Amino acid sequence: MSDNHQTTTDAQTPTGDDSDPIVNVSRSLEDLSKEATTRTTSRSDRTLIETRDLDVYYGDERAISSVDVEIPERQVTALIGPSGCGKSTFLRCINRMNDRIDVCRVEGQVEFDGKNVYDEDVDPVALRREIGIVFQQPNPFPKSIYDNVAFGLRVQGLDDEVDERVHRALERAALLEEIEGRLDESGLELSGGQQQRLCIARAIATDPDVILMDEPASALDPIATSRIEDLIDELSEEYTVVIVTHNMQQAARISDKTAVFLTGGELVEFDDTDKIFENPEHQRVEDYITGKFG
Amino acid sequence: MGTKTQEHEWVGRSNALTKLRGGAFKYACLGTALFGIVTLLVLLAYVTLDAIELQEAEPIWFAILGVTFVLPVALFGWYVWGTPAADVAKTSVGGVLLAAGLGGFFIVAFTIITPHVWAAYVVFAVFPAIAAVRYGDRLPAIDGSGPAVMATVTLGAIVATVFLEPITAIFAMAKPWLLYLLTLAIPTATALIWWSRTREDRAATIAAAATVGGTIALGLLVEVGVLETGGAPIVFLIGFVLPATIVLAHGYRRGPEARAGLLALPTLVGGVVALVAVAWAQGVPMPNSWIRPEFYLEGPSRTPENAGLYPPIVGSVFMLIVMVVAVFPLGVGAAIYLEEYAPNNRLTRLIRINLTNLAGVPSVVYGLLGLAIIARHFGLGRGTVITAGLTVGLLVLPIVIIASQEAIRSVPDSVREASYGMGASRWQTTREVVLPEAFPGILTGTILALGRAIGETAPLIMIGASTSVSSAPTELFGNATAMPLQIFSWQSRVQPDFRYGVVAAGVITLLVILLGMNAAAIILRNRLEKR
Ligand SMILES: Nc1ncnc2c1ncn2[C@@H]1O[C@H](COP(=O)(O)OP(=O)(O)OP(=O)(O)O)[C@@H](O)[C@H]1O
Ligand SMILES: [Mg+2]
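The following paragraphs examine the structure supplied in this document. (Residues numbered from 1 in each chain as written. Chains lettered and ligands numbered in written order. Predicted model: local features only at pLDDT ≥ 70, side-chain atom pairs only at ≥ 80, totals over all residues. Heavy atoms only, no water.)

### Looking at the overall build of chain A
Piece 1. For chain A, the helix and strand inventory stands at twelve helices and ten strands.
Piece 2. Per-residue burial over chain A gives 56% buried out of 294 residues.
Piece 3. Accessible surface, chain A: about 11900 Å² in total, of which carbon and sulfur atoms supply 43%. (Helix = DSSP H or I, 4+ residues; strand = E, 2+ residues; numbered from the N terminus. Buried < 20%, exposed > 50% of the residue type's maximum accessible area, 1.4 Å probe, protein only. Areas by Shrake-Rupley, 256 points an atom, 1.4 Å probe, with all protein chains shown as cover.)

Structure representation (structure tokens):
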């Protein structure tokens with residue numbers, strides 16, 4: 001499966017980066033479904049994260065309305081949808097990053113491994129050690145590259161083999177080559193795309209169970225994007241990955257499941273990626289993924 | 001109507017009157033600002049003239065001054081002007097002067113705090129706190145190390161205070177230099193190495209080794225009887241030699257071209273030495289300056305010639321220590337709580353608003369508060385060091401809190417998010433991400449606030465501090481006076497020499513200390529933020 005995917009990625013590299021929706025707006029369903037079929041979906045079918053009737057409000061404004069999703073273990077789930085439809089909000093609910101926003105209120109349940117993460121007895125800090133996140137905007141610490149990656153290891157008390165883990169994480173995030181020998185420089189001195197890969201390295205260094213990624217490839221060039229996609233593919237053997245993307249080809253290529261949100265924070269369709277891209281149930285979804293709307 | 005330029009509203013409408021008004025306003029602002037600065041400078045020039053009585057120097061003395069000091073310095077300045085060496089010259093002279101100030105502060109501070117007391121507090125309060133910071137994450141509760149730090153510091157300080165006598169008795173068995181080695185030199189060296197690890201700076205490692213080595217060497221000199229006491233030289237080594245060397249080493253590493261700037265210091269010092277030597281050889285008397293070594297080593301006197309600023313300097317430094325110990329942890333802690341922990345409710349908002357009000361309360365009012373609460377109610381005594389330190393500390397506390405809050409608030413929220421997203425607890429985020437970023441701002445704010453505290457007079461009068469004491473305070477409950485109070489008391493003397501010479505010398509001293517502190521604050525901020 002991995003080989004298969006690799007060839008696809010290489011073939012697609014020239015057009016792989018259409019994070020800008022203006023370019024390439026119109027896609028045919030066949031193109032997308034060709035990519036989607038390259039992935040096999042027969043891995044673990046256990047559900048790791050399940051939301052039930054999830055509503056999220058910012059003040060009085062509802063950003064997510066009654067969303068039910070079952071995110072399978074060790075697979076890649078893509079969240080797609082137009083800007084402002086609540087993808088980031090949904091993602092941040094899973095590891096309770098929304099706790100930090102005063103006006104944000106969550107109703108309903110987010111079950112992680114059978115336990116509602118919004119229960120009283122859940123420690124969000126410990127939860128976030130299991131569910132790592134890469135944010136939409138790259139946000140490295142104003143520290144050295146090395147310290148950026150080692151940060152999670154330090155705060156989580158994983159202080160054995162720090163050097164090794166840091167190097168491995170940087171390598172997997174496709175950053176090591178470029179910054180070899182510059183580990184002592186500030187993370188802020190990297191380019192935007194490099195910073196994003198640094199943030200990915202930082203998130204995977206601590207080996208969380210789940211990795212949430214909010215548009216990790218939006219600032220990357222085609223080559224780095226394809227390496228990140230390979231990484232996601234590789235990660236999904238061991239980890240559960242939830243990824244937000246605006247890039248339909250990317251969603252089709254790398255994900256096993258796809259959730260389509262549309263304006264108003266409603267989940268319109270959630271199914272196997274093949275199904276969504278080959279034969280979506282809703283006309284609105286088809287319109288959206290083929291670029292007719294959104 | 002009709003011509004092309006008039007079709008656009010934004011063409012050709014410049015109004016002479018508007019321009020005139022704008023210009024008038026601009027120059028009015030400039031004028032008032034200049035007026036303030038110029039009058040201050042004129043006053044300063046007068047005070048300086050009074051303090052060193054230049055007008056009474058003989059013309060030949062000015063000639064010698066020109067040849068030995070002004071000319072070489074001007075030539076040097078002309079030579080390095082506009083080259084990288086000029087920068088090194090500035091930083092090396094400024095840095096060494098600041099280091100001298102720091103060294104002076106250290107020496108005065110360590111004549112007040114004996115090695116045994118110092119060791120007691122370091123061993124019981126500082127070491128456990130460092131251990132809590134370092135290993136607190138291993139505690140079962142994830143967020144346990146924040147409270148653990150507070151608890152260990154408080155507990156350790158209380159233990160050290162309550163059992164001060166037996167503890168110091170035990171420490172008294174060790175030689176002072178050994179205590180300094182263990183509780184001052186080695187921690188300083190460790191801090192330097194830690195600092196260098198994060199900054200890739202090998203010179204710091206060497207400096208650390210030199211600190212420990214130098215301390216041991218001084219200790220051995222004491223042992224073989226060459227030196228009488230190890231204390232002052234060790235403090236001098238760590239307070240002055242070490243920072244000065246770091247400054248010079250930095251200048252040296254700027255490259256061969258910039259290195260010439262290091263000669264600025266020898267030029268200045270050599271100029272002064274040459275001036276004194278030539279004037280002495282020629283039999284020309286130096287001007288009758290009121291600023292001379294004895295002025296800083298003697299106490300009050302009936303004659304202006306013998307009057308000195310030593311007890312008030314010690315008093316001010318002692319009060320400053322009390323303030324730093326009381327205000328810095330409280331102020332920074334309060335700022336951290338308000339910015340990072342406090343829920344955004346009405347109480348928090350009320351506190352925030354009132355901090356600004358507190359910072360604006362007149363200092364006499366704080367004096368009254370200190371008299372009623374600290375001196376009388378808590379019985380710490382009228383006019384004692386501790387009452388004075390705490391009262392003025394209370395006065396600057398809101399300033400420290402507000403400055404620290406601002407520094408903490410300027411740390412972008414996205415890095416906090418990143419930290420929480422990595423599974424860091426609130427305290428870990430504060431300690432690892434927020435505080436390192438906010439530290440330069442906090443330090444600057446605190447130094448500026450302490451500068452304000454040093455110049456305070458009214459609250460000290462209110463709490464009944466004497467304007468003049470015969471000997472320097474040696475304990476927290478001793479009577480003390482501060483520099484501005486002493487200056488005030490000299491001003492009311494009958495002899496004109498007091499009112500002109502001695503007061504002027506005192507004012508200049510106070511101003512130099514204040515400017516030095518402000519300069520240090522600014523330099524520290526620029527340097528630390530450049531990282
Ligand atoms: N901190 C906040 N406070 C108030 N409203 C918010 C906040 N964050 C998001 N929202 C609102 O919630 C809605 C969903 O936002 P969200 O960031 O989840 O969108 P998104 O799908 O990630 O969009 P994009 O693709 O542009 O990143 C938007 O209408 C937005 O205005
Ligand atoms: Mg988003």
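### Overview of the nonpolar core
Piece 1. Among the nonpolar cores identified, the biggest contains 71 residues, and Met319(B), Leu460(B) and Trp490(B) are the most heavily contacted of them.
Piece 2. Tallying contributions element by element places helix H13 (residues 310-341) of chain B first for this core, with 14 residues.
Piece 3. Three or more residues apiece are contributed to this core by two domains, here domain 2 (60-292) and domain 3 (304-530) of chain B.
Piece 4. In contact with Met319(B), other than residues within four places in its own chain, are Val385(B), Ala388(B), Gly389(B), Leu460(B), Ala480(B), Thr481(B) and Ala482(B).
Piece 5. Counting residues in hydrophobic clusters, the runner-up holds 50 residues, among them Val149(A), Ala169(A), Leu183(A) and Val268(A). (Core = buried A, V, L, I, M, F, W, Y, C linked by side-chain atoms within 4.5 Å. Domains from an automatic or database assignment. Contact = heavy atoms within 4.5 Å.)

### Describing the coordination of the magnesium ion (ligand 2)
Note on metal geometry: ideal angles are 109.5 degrees for four donors arranged tetrahedrally and 90 or 180 degrees for six donors arranged octahedrally.
Piece 1. Taken together, the protein donors to the magnesium ion (ligand 2) comprise Ser88(A) (OG) and Gln136(A) (OE1), at separations of 1.9 to 2.3 Å. In this pair, Ser88(A) sits in helix H3 (residues 87-94) while Gln136(A) sits in the loop between strand S6 (131-134) and helix H5 (145-155), placing the two residues 48 residues apart along the sequence. (Donors = N, O, S within 2.8 Å, 3.2 Å for Na, K, Ca; no water.)

### Focus on the interface of chain A and chain B
Note: interface size is frequently given as the accessible area lost on complex formation between the parts.
Piece 1. Contact with chain A, which involves 28 residues of that partner, is made by 23 residues of chain B.
Piece 2. Between chain A and chain B, roughly 2000 Å² of surface is buried when both sides are summed, and carbon and sulfur atoms account for 56% of that area.
Piece 3. Ranking the residues of chain A by area buried against chain B places Arg100(A), Phe151(A) and Val155(A) at the top, with a combined share of 25%.
Piece 4. For the pair chain A and chain B, the number of links is three salt bridges.
Piece 5. Glu417(B) is paired through a salt bridge with Arg92(A); the nearest N and O atoms lie 2.8 Å apart.
Piece 6. Applying the counting rule to chain A against chain B returns nine residue pairs in polar contact (both at pLDDT 80 or more).
Piece 7. Partitioned by chemical class, the residues of the side of chain A that touches chain B number twelve nonpolar, five polar and eleven charged. (Buried area = accessible area lost by both parts, 1.4 Å probe. Salt bridge = Lys/Arg side-chain N within 4 Å of Asp/Glu carboxyl O. Polar contact = N/O pair within 3.5 Å; in protein donor to acceptor, adjacent residues only side chain to side chain. Nonpolar A, V, L, I, M, F, W, Y, C, P; charged D, E, K, R; others polar.)

### Remarks on the pairing of strand S1 (residues 47-58) of chain A
Residue and element names in this part refer to chain A.
Piece 1. The pairing of S1 with strand S2 (residues 61-72) spans eight bridges and is classified as antiparallel. Across the sheet, residue Tyr 57 finds its bridge partner in S2, namely Arg 62.
Piece 2. Turn length for the S1-S2 hairpin, with the two strands adjacent in sequence and antiparallel, is two residues, and the turn residue Gly 59 shows positive phi of about 65 degrees.
Piece 3. Here eight bridges tie S1 to strand S4 (residues 104-112), and the two strands are oriented antiparallel to one another. Across the sheet, residue Thr 51 finds its bridge partner in S4, namely Val 110. (Pairing = 2+ DSSP bridges.)

### Section: the state of the cysteines
Piece 1. This structure, assessed with the given rule, holds zero disulfides over all chains.
Piece 2. Here Cys85(A) stays free of any disulfide, with the sulfur of Cys93(A) as its closest cysteine sulfur at 13 Å. (Disulfide = S-S within 2.5 Å.)

### A few points about the site of ligand 1
Residues and elements named next belong to chain A.
Piece 1. Taken together, 14 residues lie around ligand 1, and Ser 83, Gly 84, Lys 87, Ser 88 and Thr 89 are the ones closest in.
Piece 2. A distance of 3.3 Å is found between an oxygen atom of ligand 1 and a backbone nitrogen or oxygen belonging to Cys 85.
Piece 3. At a separation of 2.5 Å, an oxygen atom of ligand 1 approaches a polar side-chain atom of Ser 88.
Piece 4. For the shell around ligand 1, the secondary-structure elements that each account for two or more residues are S2 and H3.
Piece 5. When residues of the shell around ligand 1 are assigned to their parent elements, the largest contribution, three residues, is made by H3.
Piece 6. Its residues assigned to classes, the shell around ligand 1 comprises four nonpolar, seven polar and three charged. (Near = heavy atom within 4 Å.)

### Quick word on the side chain of Arg416(B)
Piece 1. Mapped onto the elements of the fold, Arg416(B) is located in helix H17 (residues 413-421).
Piece 2. Its relative accessible area of 8% is what places Arg416(B) among the buried residues.
Piece 3. Of the polar contacts made by the side chain of Arg416(B), one reaches the backbone oxygen of Val411(B); its length is 3.2 Å.
Piece 4. When near neighbours in sequence (up to four residues on either side) are disregarded, Arg416(B) contacts Arg100(A), Glu340(B), Ile408(B), Val411(B), Thr429(B) and Val434(B).

### Examining the packing of helix H3 (residues 84-112) of chain B against helix H11 (residues 264-282) of chain B
All names here are of chain B.
Piece 1. Across the interface, H3 lies against H11 with an axial gap of 8 Å and an inter-helix angle of 60 degrees. By the criterion of interaxial angle, the relationship of H3 to H11 is oblique. Of the residues in H11, those touching H3 at Ala 89, Val 93 and Val 96 are Ala 264, Leu 265 and Leu 268.
Piece 2. Residues that form the contact of H3 with H11 fall into these classes: six nonpolar, no polar and no charged. (Axes fitted to C-alpha atoms, helices over the stretch in contact; angles between N-to-C directions. Parallel < 35°, antiparallel > 145°, perpendicular 65-115°, else oblique.)

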